[in-house]
Amino acid sequence: MHPARERIAAVLGSSQGSGYLLTPRVVLTAAHVVAGCTEPAVIVPGGTGRVRCRVTWARDDNRRCDVALLVADRDLVHEEVAGHFEPLVWGRAYDLRAWPGAHAIGYPHVQRDGAGELDSEQLVGTLKPGSNLLGGRYVLDCEHGAPAAPGDGTSPWAGMSGAAVFVGGLLAGVVHADPGGWAHGRLTITPAETLWQDFRFLQECVLAGDRPQSRSLASKQQLEVEEFERRLREYVIGKSGELTIIGLTLTDGDGETWPLDTAYLSLELTGAGEGFTLPGADRALTSPRRAEEALAGRNRVLLRGVAGSGKTTLLQWLATVTARGDLPPALGHLSGCIPLTLPLRTLIRRGTLPQPEEFLAAAAGPLAGLPAARGWVTRRLTEGTALLLVDGVDEVPEADRRRTLAWLKDLLAAYPDARYVITTRPSAVREGWLTESGFTELELLPMSRGDVLAFIDRWHEAAGARHDARLRAFRDTLSAAVVATRDLGRLATNPLMCALICALNRARRGYLPHGRMELYRAALDLLLIRRDRERDIVAGLEGPELEQAQTALLQKIAYWLIRNGRSEIEWHKAVEILDRALPAMPAVAALGGAEDILRHLVVRSGLLRRPTSETLDFVHRTFQDYLGAQAAVDDWDFDLLVNNAHDAQWEDVLRMAVGHAPPRARAELLGMLLERGEKEDANRHRLHLLAAACLEHATEVDPAVRTKVERAASELIPPRDVESAKALAEAGDVVLDLLPGPEGLSDEVAHAVVVTATTIGDDRAIPLLARYAGHPSRLVRAQLLFGCGHFSQEHYTSAVLQPMEESGGLSDVLTEYGAAWQALPDVLGKLHEVIATTLDTSPEERTARER
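What counts, and where the lines are drawn
- Residues numbered from 1 in each chain as written.
- Predicted model: local features only at pLDDT ≥ 70, side-chain atom pairs only at ≥ 80, totals over all residues.
- Heavy atoms only, no water.
- Helix = DSSP H or I, 4+ residues; strand = E, 2+ residues; numbered from the N terminus.
- Buried < 20%, exposed > 50% of the residue type's maximum accessible area, 1.4 Å probe, protein only.
- Expected span 1.5 Å × (residues − 1).
- Pairing = 2+ DSSP bridges.
- Core = buried A, V, L, I, M, F, W, Y, C linked by side-chain atoms within 4.5 Å.
- Contact = heavy atoms within 4.5 Å.
- pLDDT = per-residue confidence, 0-100.
- Salt bridge = Lys/Arg side-chain N within 4 Å of Asp/Glu carboxyl O.
- Disulfide = S-S within 2.5 Å.
- Polar contact = N/O pair within 3.5 Å; in protein donor to acceptor, adjacent residues only side chain to side chain.
- Axes fitted to C-alpha atoms, helices over the stretch in contact; angles between N-to-C directions.
- Left-handed = near helix turned anticlockwise from the far one by under 90°.
- Nonpolar A, V, L, I, M, F, W, Y, C, P; charged D, E, K, R; others polar.

1. A few points about unusual backbone geometry
Alright, step 1. Look at Asn132: it is not a glycine, yet its phi comes out positive at around 60°.
Alright, step 2. Relative to the helices and strands, Asn132 resides in the loop between strand E9 (121-128) and strand E10 (138-142).
Alright, step 3. A relative accessible area of 36% means that Asn132 is categorised as partly exposed.
Alright, step 4. Backbone geometry at Trp636 places phi at a positive 55°, although glycine is not the residue there.
Alright, step 5. Take Trp636: it is sitting in the loop between helix H22 (621-634) and helix H23 (638-643).

2. Some words on helix H16 (residues 495-507)
Alright, step 1. Along its 13 residues, H16 runs 18 Å from first to last C-alpha, staying within 8% of the 18 Å computed at 1.5 Å per residue.
Alright, step 2. When you tally the buried positions in H16, you get twelve out of 13 residues, the bulk of the element.
Alright, step 3. All buried positions along H16 are accounted for by Leu496, Met497, Cys498, Ala499, Leu500, Ile501, Cys502, Ala503, Leu504, Asn505, Arg506 and Ala507.
Alright, step 4. In the segment just after H16, Arg509 is the residue with positive phi, at about 55°.

3. Digging into the sheet that holds strand E22 (residues 419-424)
Within a sheet, neighbouring strands are paired by backbone hydrogen bonds and run either parallel or antiparallel to one another.
Alright, step 1. Ordered in space as E18-E17-E23-E19-E22-E21-E20, the seven strands form an open sheet in which the pairing is mixed. The open sheet has two free edges, formed respectively by strand E18 (289-290) and strand E20 (338-343), since each of these has just one partner strand.
Alright, step 2. Note that E20 and strand E21 (residues 386-391) share six bridges and pair parallel. Counterpart to Leu340 in the pairing with E21 is Leu388.

4. Comments concerning the nonpolar core
Alright, step 1. The biggest cluster of nonpolar side chains holds 160 residues, and the ones touching the most others in it are Leu232 and Phe618.
Alright, step 2. Ignoring any residue separated from it by four or fewer positions in sequence, one finds Leu232 in contact with Ile338, Leu340, Leu360, Ala364, Leu367 and Trp376.

5. Some thoughts on the confidence of the model for the chain
Alright, step 1. Residue-level pLDDT values for the chain average 83, and 86% of them are 70 or greater.
Alright, step 2. Predicted confidence for residues 272-285 stays below pLDDT 50, and this span has 41 contacts to residues more than four positions away or in other chains.
Alright, step 3. Note on residues 530-541: pLDDT under 50 across the span, and 28 contacts to partners over four residues away in sequence or across chains.

6. Thoughts on the pattern of salt bridges
Alright, step 1. Per the counting criterion, the structure on display carries 37 salt bridges.
Alright, step 2. Put simply, Asp476 and Arg475 hold a salt bridge, and the shortest N to O gap is 3.1 Å.
Alright, step 3. Overall, Arg475 belongs to the buried group, its relative accessible area being 17%.
Alright, step 4. Here Arg609 and Asp617 are joined by a salt bridge, their closest N and O atoms 2.9 Å apart.
Alright, step 5. Taking the relative accessible area as the measure of exposure, Asp617 reaches 3% and is therefore buried.
Alright, step 6. What emerges from the salt-bridge pattern is a single network uniting Asp394, Arg425, Arg621, Asp625 and Asp652.

7. Quick word on the state of the cysteines
Covalent bonding between the sulfur atoms of two cysteines is what defines a disulfide.
Alright, step 1. Tallied over the full model, the rule gives zero disulfides.
Alright, step 2. The thiol of Cys502 is not disulfide-bonded; the next cysteine sulfur, from Cys498, is found 6.5 Å away.
Alright, step 3. Given the relative accessible area of 0%, Cys502 is considered buried.

8. Points about the side chain of Glu441
Alright, step 1. Within the fold, Glu441 resides in strand E23 (residues 440-444).
Alright, step 2. Look at Glu441 and you get buried, because its relative accessible area is 10%.
Alright, step 3. Among the polar contacts listed, one links the side chain of Glu441 to the side chain of Arg304, at a separation of 3.2 Å.

9. Notes on the environment of Glu678
Alright, step 1. Mapped onto the fold, Glu678 is located in helix H25 (residues 663-679).
Alright, step 2. Setting aside chain neighbours within four positions, we find Glu678 in contact with Arg684 and His688.

10. Re the sheet that holds strand E2 (residues 16-21)
Alright, step 1. Sheet architecture is closed into a barrel: six strands sit in the order E1-E2-E3-E6-E5-E4, paired in antiparallel fashion. Mean inter-strand twist for the sheet, computed between neighbouring axes without regard to direction, equals 40°.
Alright, step 2. Most of the contacts of helix H4 (residues 199-207) go to strand E5 (residues 51-60), to which it runs at about 160°, and overall it touches strand E3 (26-29), E5 and strand E6 (66-72).

11. A closer look at the packing of helix H28 (residues 722-729) against helix H29 (residues 747-760)
Alright, step 1. Closest axis-to-axis distance for the H28/H29 pair is 8 Å, and the angle between their directions is 30°. In the packing of H28 onto H29, the handedness of the crossing is right-handed. Contacts from Val722, Ala725, Lys726, Leu728 and Ala729 of H28 reach H29 at His751, Ala752, Val755, Thr756, Thr759 and Ile760.
Alright, step 2. Residue composition of the contact of H28 with H29, by class: seven nonpolar, three polar and one charged.

12. What to know about the environment of Leu411
Alright, step 1. Mapping Leu411 onto the fold places it in helix H12 (residues 401-414).
Alright, step 2. Under the relative-accessibility criterion, Leu411 is labelled buried at 5%.
Alright, step 3. The sequence separation of Leu411 and Leu381 amounts to 30 residues, and the corresponding C-alpha distance is 9.3 Å.
Alright, step 4. Ignoring anything within four residues of it in the chain, the contact list for Leu411 reads Pro356, Phe359, Leu388 and Tyr420.

13. Here's the deal with the packing of helix H24 (residues 648-660) against helix H26 (residues 684-694)
Alright, step 1. It is the contact of H24 with H26, at a shortest axis distance of 9 Å, that shows an interaxial angle of 40°. Where H24 crosses over H26, the handedness of that crossing is right-handed. Of the residues in H26, those touching H24 at Ala648, Glu651, Leu654, Arg655 and Val658 are Arg686, Leu690, Ala693 and Cys694.
Alright, step 2. Across the contact of H24 with H26, the residue classes break down as six nonpolar, no polar and three charged.

Written out as structure tokens, the structure is:
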């Protein structure tokens, strides 16, 4: 039999009805057919017989929707038929035109033979979206007249409920009922549009193995729109579907990309006010979840993350899977959406932030002029099927953030049903910046040891480790070193740092620098000098003069961007900056003009890129901050640095400036920072913590200045709550020696101390955390449990988790937070070993605890 015939099913539930196979095991029918039936069955003529099913989704609200989704225990058709199933496409009506030639096939009462045996009936008629507008259901008017009513007063169409209605090969709805007053000449239909607005329905389809697709029932204008959308999706996939992996190759920057599907690593997010709340606790304890799970069902998200943490990469992934329609089940609510990425770093440069109809020019410029694009953005925003990915609030100058917030709130007021994901660095905007507008705040966590090892493996795979024994050896050595070496483990906390470490490990044959500043310095040496020199590459301008001067030239561009609160510079302005610098570099000027030299830096440095033909930026903001900080120190611009220290855009610049500065200048800069903090109550905590964080890069500093900085930080210790705990953790491991034990602390303060120590994630914190293992507060012990992924597993388990278990505190927490514990698979094995071998427990107890 033809597969199309074997997709028509009979459904036996609380009443007999019809159905349609979306896949060989997934059946679409009417909800009232299976209402109250615990084990409905489905039969497909010519199929595998009567098969038991379970109802995975059903909605019957007596007006707009009467649909159920069934999943069978086994295939309903034979293997040779199942192999010919084609993906089903749903048809959605965008206007009120009537659609003749619509049809539905089912098993109505009127078609039974004299012995009462089932047979099929194909009802042909006109689908009328304009009927029943208030009720929300379409009508299918029968073209061939009404059947005679049976003598018992029931409908002759009984059993037709649940049949799929098709228009031009598109599934346009599901039969609901035979309405009174029409002499059995019409049926009411649940339209496909109703199902496409239900997130749970789409999610259950994906979970069951069916990935829904839809298109218009097709006016000429709508066909043009759909062709435009097809091209837009392809454009988004092409633009967002590759990652730049820094240091991947030692050739041109063009080779440092890898398909996003292969290179993307889903990181963990956590969010304020989510997770599990202990009885009597004022605050929820958040458990880390992978990005797709944390974003599940959310239409408005503010995503925070430090530099290099993967914010932009996460948006790339969201754009790609949404445009491709290949969403994981948890993100089923984005089915049918089209993503538009709006980089604020570029848009703010234009002075006025764009209005909706200008979004296409920002996100997909080459397609913005097509006729079908006119009015498209506002229609999609109004429908709620546009996903706006607004990247980089932190890259907006502080003076412009108020109007950026006003712009966002205007969008939200005008288009409340659209989907929004906005990214920023943590300190760029205050906590709760968009909470009143219904946004959920999520934060990208530092990579766990398991994530770091997975990233190292993928990086080396992308670099060709499968066919290169030497690369495999570098990978294995580095993986072992990240786990065993404390300093290296501290550095490898985000994708950018992991990529640099991988590149340097290969380039330096296993020898790695210590500390973040030395790592950046070595990375610049690799990208600016060693890459071409070691590969004997000759391109464009050459000579030792330019090789030695290019860092200074890049510093000038970087510092201009920092001073002007920008992340992007016009090409002609960058040329002017170099043109002013060249008179002081006669040997470099002799090699060519400023534009030639700038073009050479773009092609060969691996640090600059051209987002458009008219603009330049750095491949990552961190390199801009590092180079600009050196320029600020060289120019002795300490007043400028300190006066802007409260601004999140300058935070990393100032920290790196302390690292670049010689000892005397370093002491002066730290002293100025403390002095400003003393004068300004509003900024005191932030500036004093920033000074403490700067000590991470101060390898040599006046002891008196160091003592003064630590004393200022100690006034903020212990932290009072989770928010101040996270701010304190940004100062790094310098605060570990200042954190107190649990004696005399309230439960809230004890919890905040543990949050600080686990967020820093340095093994030096383990002795301190061990003192909290027997704390009476379950909130404190739960934080110890959820923070364990950031430490040496063996050491942490024996020093913290095992004492918690021996005192009964671990089982208590596991019982309360069992679901959240599953988010820590890299620790589960070690804990299992502790429970199973170290502790004297019965098999039943072990099984219960493992569960």
